[in-house]
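Residue strings, one per chain:
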Amino acid sequence: MSGFSLILVLQFKTSKIINDMTKLIIKSQKITPFGGIFHVMEKFDRYIGPVVDGELGLRCTTFGYQYSEITRSLMSIYFCGGDCVEDVTSHLMPHLSLHPTLRTSSSDTILRGIKELSTTNTTYTSETGRSYDFNTAVRLNRLLVKILVSTGQLLAGKSYDLDFDHQFIETEKYDAKMTYKKFTGYSAGVAVIGDLIVGIENRDGNANVRFHQQDTLERIFSNLESDDIHVRRARMDCGSCSREIVETIEKHCEHFYIRANRCSSLYDSLLALSGWKREVINGIEYELNSIITEKWEGKAYRLVIQRERRMDGEQDLWEGEYTYRCILTNDYTSTPREIVEFYNLRGGKERIFDDMNNGFGWARLPKSFMAENTVFLLLTAVIRNFYKFLMERLDTKAFGLKKSSRIKAFVFKFINVPAKWIRTARHYVLNIYTDNCSYQNPFALADG
């Protein structure tokens, strides 16, 4: 974008007593309240666009929109405070189209692009004869990891900690099924490294979370390893506590930490244990212990047990005066406290799902079928990962933000600034009307 430059227009505050009604003068100049979006659009076009088109291929050779432009248009909706795809045509097009070179597609084009990228569902049949649909979206999952490697958010040859969980997405789409949470929707399996989404596979909402989960995990691990990204430690809830799933996890990571499901055969062993050690974790007093147990025939693992005394004084039929929680692991060197504290960090990943639901459109799926909505889930995951990339490079304090700020705060603090494009001396200049000089740095030509 060497042909563009930025002019910062400082606003000086003046005080004046107004006795009469405010006088109104209407100007016909094309001034947009979303001046910060142009920086974001150019960053996306520089860092993400080439990877999208390189991985997905060209959508057209003459006229029409490429997949990178469609994804950037979808991104602009959420970066301008929108919450559904139709907002780009209904409200944002007059502002986004002011950019001299970057095109913005309509909502209809975005929805057509999503349909084109969808893949056929895979159907698995259970032992009872019931069929469940899965959508693996292999190509878009490859794109998701490729972009993270391209932006340097994941480094080849490095090992990371991975979390996996199923997110039940409530919706009344045509093929949505009733979940055990008593609403219709999908049950998407989501893999996370740090604060970044690295894999998504969608499935019917009525499918048991353990059903063919080992196949989903195998594809996610293999996808990461194809870019030389390795998993050192994996955390999962009790929905992953089965022999087939654990064996798959064990093949791809050094250590795993899985919430063990309750088993009546273990209660006698737990109640007979001695040598409990008291620890205060996050202000709550627990008693910790660990044993080696043969969870499945021929498979012995370490079971870390934490118990907490019941506050109501009542006794459970099986557990007595305590509430027991167990973590199954192949980590035999860490202390029980270290394992419990590491596993508890998994709770922070729920913030990612909340962020996707409220900030990136997961609560408003745009299509009627799971295959197409899976594409939407993955594209919005790409957009959120890009948002995290921007926040790491931005001087957040200068705009009253934090690295962990949600996108709504980013819209208010950075995107919402009056701006106007003008053409002078054969190139385009973006005038920004603000008293915050920090806008000079993000828009500097040296930084793209």
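Residues numbered from 1 in each chain as written. Predicted model: local features only at pLDDT ≥ 70, side-chain atom pairs only at ≥ 80, totals over all residues. Heavy atoms only, no water.

1. Quick word on the overall build of the chain
- Counting its secondary structure elements, the chain contains 13 helices and 15 strands.
- Seen along its three principal axes, the alpha-carbon backbone of the chain occupies a region of about 80 × 55 × 45 Å.
- When contacts within the chain are restricted to residue pairs at least 6 apart in sequence, those whose partners lie at least 24 apart make up 64%.
- Charge separation in the chain, taken as the distance between the mean sites of 58 positive and 55 negative side-chain charges, equals 8 Å. (Helix = DSSP H or I, 4+ residues; strand = E, 2+ residues; numbered from the N terminus. Contact = heavy atoms within 4.5 Å. Lys, Arg positive; Asp, Glu negative; His and termini not counted. Charge placed at Lys NZ, Arg CZ, Asp CG, Glu CD.)

2. Quick word on the nonpolar core
- By size, the foremost hydrophobic cluster in this structure holds 76 residues, and its most contacted members are Ile37, Val40, Phe79 and Phe410.
- A total of 14 residues in this core trace back to one element, the largest contributor, which is helix 12 (residues 370-393).
- Those residues within four positions of Phe410 in sequence are excluded, and the remaining contacts are Val40, Phe79, Tyr387, Met391, Leu394, Leu401 and Ile415.
- One finds Phe164, Leu217, Ala234 and Ile291 within the second-largest nonpolar core, a separate group that totals 37 residues. (Core = buried A, V, L, I, M, F, W, Y, C linked by side-chain atoms within 4.5 Å. Buried < 20%, exposed > 50% of the residue type's maximum accessible area, 1.4 Å probe, protein only.)

3. Things to note about helix 10 (residues 336-344)
- Taken together, the buried positions of helix 10 are occupied by Pro336, Ile339, Val340, Phe342 and Tyr343. Relative to the axis of helix 10, the buried residues are bounded by an arc of 165° and lie together on one face. (Arc of directions from axis to C-beta.)

4. Things to note about the state of the cysteines
- This structure, assessed with the given rule, holds zero disulfides.
- No disulfide involves Cys238; its nearest neighbouring cysteine sulfur is the one of Cys241, lying 7.8 Å away. (Disulfide = S-S within 2.5 Å.)

5. Overview of the packing of helix 1 (residues 37-47) against helix 3 (residues 67-79)
- Where helix 1 meets helix 3, the closest approach of the two axes is 10 Å, and the angle between their N-to-C directions is 150°. By the angle between their directions, the pair helix 1 and helix 3 is classed as roughly antiparallel. Viewed along their axes, helix 1 and helix 3 form a crossing whose handedness is right-handed. In this structure, helix 1 uses Ile37, Val40, Met41, Phe44 and Asp45 to contact helix 3, whose residues at the interface are Ser68, Thr71, Arg72, Met75, Ser76 and Phe79.
- Among the residues making up the contact of helix 1 with helix 3, the classes are represented as six nonpolar, three polar and two charged. (Axes fitted to C-alpha atoms, helices over the stretch in contact; angles between N-to-C directions. Parallel < 35°, antiparallel > 145°, perpendicular 65-115°, else oblique. Left-handed = near helix turned anticlockwise from the far one by under 90°. Nonpolar A, V, L, I, M, F, W, Y, C, P; charged D, E, K, R; others polar.)

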